[in-house]
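What follows is the residue order along each chain.
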Amino acid sequence: MNIKEFEFMCPNKIIFTHHLADSLRSAKAYLKVSKAFVVTDPGLAVLDNYKFFKQAMQEAEFDFVECAKAELNPDDISMDKVAAEMPSDIDVVIGFGGGSTLDTAKASAIIATNGGKVRDYFGVNLVPNAPLPTIAIPTTAGSGADITKFLAIVDSEKHTKSQIMDDKAAPTISVIYPENLLNTPKHLIPAVGFDSLTHAVEGYINAKANVITETLSIRAFELMSRNLVKFYNDNTDLNAASALLLATSLGCIACTSIGTGDAHCIARSVGGLYHNIHHGTALAISLPHVLNFNLEGSKTKLAELARVMGLDVAGKSELEAAKMLVLAVQQIRDDLGMPRSYKELGMNLDSLDELAEASKYKSEHGSSAGAPPRKATIEEYKKLITDAYNGVEIEY
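Okay, so let's go over this structure. Please read all numbers here as calculations on a predicted model, not as lab measurements. (Residues numbered from 1 in each chain as written. Predicted model: local features only at pLDDT ≥ 70, side-chain atom pairs only at ≥ 80, totals over all residues. Heavy atoms only, no water.)

**Structural notes on the environment of Thr134**
Argument step 1. Mapped onto the fold, Thr134 is located in strand 6 (residues 134-138).
Argument step 2. Taking the C-alpha atoms as reference points, Thr134 and Pro171, 37 residues apart in sequence, are found 4.9 Å from one another.
Argument step 3. With residues up to four places along the chain from it excluded, the contact list for Thr134 reads Val93, Lys106, Ala109, Pro171, Thr172 and Ile173.
Argument step 4. A distance of 3.2 Å separates a polar atom in the side chain of Thr134 from the backbone oxygen of Leu132. (Helix = DSSP H or I, 4+ residues; strand = E, 2+ residues; numbered from the N terminus. Contact = heavy atoms within 4.5 Å. Polar contact = N/O pair within 3.5 Å; in protein donor to acceptor, adjacent residues only side chain to side chain.)

Pasting the structure below:
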């Protein structure tokens, strides 16, 4: 085995807990802070798990002010509006919610110490000063925004998905409280879960993968692939909820270091033009096609994923097992009742050239630069996007 050179950093303190108040008290003491700016979204703000969070903050004697204005699939302008509401005496930001909310909280922490507008920091390592400390409390198992140094933001001028990618932007502490997932409305589980599943797959077959990221990604895939449909069918299963949140964290620790592949490049391009299409839904449509595209060059790793997923690969060749994995991922999408095509979500092929160009650009710049295991041409991106648009079913 030839182990290549690599660098790896995990900047977060991770707290996995069933006792939220105790963990908030611990986080407050660890950071030596006193007053939090709590960012959430208006829908979550009226739910019981947010009310329980506020009770836990009070039990922890953690002073806070609230801003329940985070938006789904936010652009830079909406993030600027949230950041503008932060009082001057805040010394820590807490994000409570899904990926969009957590990224909005991270943006507020950046603006608090750097000023300006969110779009000023689009790009790689352009944040001059360390943001305020950030505590991220995920309520979905998918985005990994409680771990990553990336912020996914719709560029309000270019109408595409942009990123802030900066080592300083990762949350200081991630508090993983699996009870947050219990009784999640069934329709909210598939898209965020598929996001996490894709992180695990693309982390494992990644061209920049190393021994640490491979170890994290394959365990993340095992946990997610064996528990996502299970939790979808029983949203009171605490063990499955725990597995999904931990899988999300493991997969995103890996992808924070090495980036993601072409399923993400395509999904981010689609989401940038069609804001109504959830990122995880876009991934569920693109991932089977991308895995099929990478079948030959990644068959050894795809076969290994088939094994850890629990598929019966005894007596199968690597290629046969890899094909089983592609079909199994496609089946997970179907078992979750997710769309098969971009067409049914309102996308049209008038934007095909723009989407292909954007996808290729994302594969060569930013977090995904050099990550796809097989380099695609513009024409190959057009074919992948067209097949995903038409919902072509993969068969062998």
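**A word on helix 13 (residues 378-390)**
Argument step 1. The terminal C-alpha atoms of helix 13 lie 18 Å apart, and with 13 residues this matches the ideal 18 Å at 1.5 Å per residue to within 8%.
Argument step 2. All buried positions along helix 13 are accounted for by Tyr381, Lys382, Leu384, Ile385, Asp387, Ala388 and Tyr389.
Argument step 3. On its buried face, helix 13 sits against helix 8 (262-273), helix 9 (279-293) and helix 12 (352-364).
Argument step 4. Immediately beyond the C-terminal end of helix 13, within one or two residues, lies Gly391, with a positive phi of roughly 70°. (Expected span 1.5 Å × (residues − 1). Buried < 20%, exposed > 50% of the residue type's maximum accessible area, 1.4 Å probe, protein only.)

**A look at the packing of helix 5 (residues 189-204) against helix 8**
Argument step 1. Close contact between helix 5 and helix 8 brings their axes to 9 Å; oriented N to C, the two are set at 140°. With respect to helix 8, the element helix 5 is oriented oblique. Here Asp195, Thr198, His199 and Glu202 of helix 5 come into contact with helix 8, specifically with Asp262, Ala263 and His264.
Argument step 2. Of the residues contributing to the contact of helix 5 with helix 8, the split by class is 1 nonpolar, 3 polar and 3 charged. (Axes fitted to C-alpha atoms, helices over the stretch in contact; angles between N-to-C directions. Parallel < 35°, antiparallel > 145°, perpendicular 65-115°, else oblique. Nonpolar A, V, L, I, M, F, W, Y, C, P; charged D, E, K, R; others polar.)

**Describing the nonpolar core**
Argument step 1. Counting 69 residues, the largest nonpolar core has Phe194, Phe221, Leu291, Leu325, Tyr342 and Met347 as its most contacted members.
Argument step 2. Ranked by the residues each element gives to this core, the list is headed by helix 6 (residues 211-233), at 9 residues.
Argument step 3. If we ignore the near neighbours within four places in the chain, the residues touching Leu325 are Phe221, Leu291, Leu302, Leu305, Ala306, Met309 and Leu311.
Argument step 4. Leu31, Tyr50, Met57 and Ile173 belong to the second-largest nonpolar core, a separate cluster that totals 25 residues. (Core = buried A, V, L, I, M, F, W, Y, C linked by side-chain atoms within 4.5 Å.)

**Overview of helix 10 (residues 299-309)**
Argument step 1. All of the buried residues in helix 10 are Leu302, Ala303, Leu305, Ala306, Val308 and Met309.
Argument step 2. Where helix 10 is buried, its residues touch helix 5, helix 6, helix 9 and helix 11 (318-335).
Argument step 3. Looking one or two places after helix 10, you find Gly310, whose phi comes out positive at around 100°.

**Comments concerning the sheet that holds strand 1 (residues 13-16)**
Argument step 1. Pairing in this open sheet of 6 strands is parallel, and the strands run 1-9-6-4-2-3 from one edge to the other. Edge positions in the open sheet fall to strand 1 and strand 3 (63-67), since each of these has one partner strand only. Across the sheet, the mean angle from the axis of one strand to that of its neighbour is 20°, orientation sign disregarded.
Argument step 2. Relative to strand 3, strand 2 (residues 35-39) is paired through 5 bridges, and the arrangement is parallel. Considered in strand 3, the bridge of Lys35 is made with Asp63.
Argument step 3. Against the sheet, helix 2 (residues 48-59) touches strand 2, strand 3, strand 4 (92-97) and strand 6, its axis set at about 150° to strand 4.
Argument step 4. This element, helix 4 (residues 99-114), spans strand 2, strand 4 and strand 6 of the sheet and lies at about 170° to strand 4. (Pairing = 2+ DSSP bridges.)

**Details of the sheet that holds strand 7 (residues 150-154)**
Argument step 1. Taken in spatial order, the 3 strands line up as 5-8-7 in an open sheet, and their pairing is mixed. Looking along the sheet, the strands with just one partner apiece sit at the ends: strand 5 (123-124) and strand 7.
Argument step 2. Relative to strand 8 (residues 161-165), strand 5 runs parallel, the two sharing 2 bridges. Looking at the pairing, Val124 lines up with Met165 of strand 8.
Argument step 3. Packing against the sheet, helix 4 makes contact with strand 7 and strand 8, and its axis sits at approximately 100° to strand 7.

**A word on the packing of aromatic side chains**
Argument step 1. Summed over the entire model, instances satisfying the criterion amount to 4 aromatic pairs.
Argument step 2. Here the aromatic rings of Tyr50 and Phe53 are separated by 5.7 Å at their centres, their planes lie at 35°, and the arrangement is tilted. Taken together, the positions of Tyr50 and Phe53, both in helix 2 and 3 residues apart, correspond to about one turn of that helix.
Argument step 3. Members of the aromatic cluster, joined through ring pairs, are Tyr50, Phe53 and Phe96.
Argument step 4. Seen from the ring of Tyr30, Lys13 lies directly overhead, with NZ or CZ sitting 4.7 Å from the centre.
Argument step 5. Its guanidinium or amino end placed over the ring of Tyr204, Lys301 lies 5.2 Å from that ring's centre, counting from NZ or CZ. (Phe/Tyr/Trp six-rings, centres within 6.5 Å; stacked < 30°, edge-to-face > 60°. Lys NZ or Arg CZ within 6 Å of the ring centre and 35° of its normal.)

**Some points on a nonpolar patch on the surface**
Argument step 1. Where nonpolar side chains cluster on the molecular surface, the patch consists of Ile3, Phe6, Val211 and Ile212 and spans about 300 Å² of accessible area.
Argument step 2. Its place among the elements puts Phe6 in the segment before strand 1. (Patch = residues over 30% accessible without salt bridge, like charges linked within 9 Å, V, L, I, M, F, W, Y side chains within 5 Å. Areas by Shrake-Rupley, 256 points an atom, 1.4 Å probe, with all protein chains shown as cover. Salt bridge = Lys/Arg side-chain N within 4 Å of Asp/Glu carboxyl O.)

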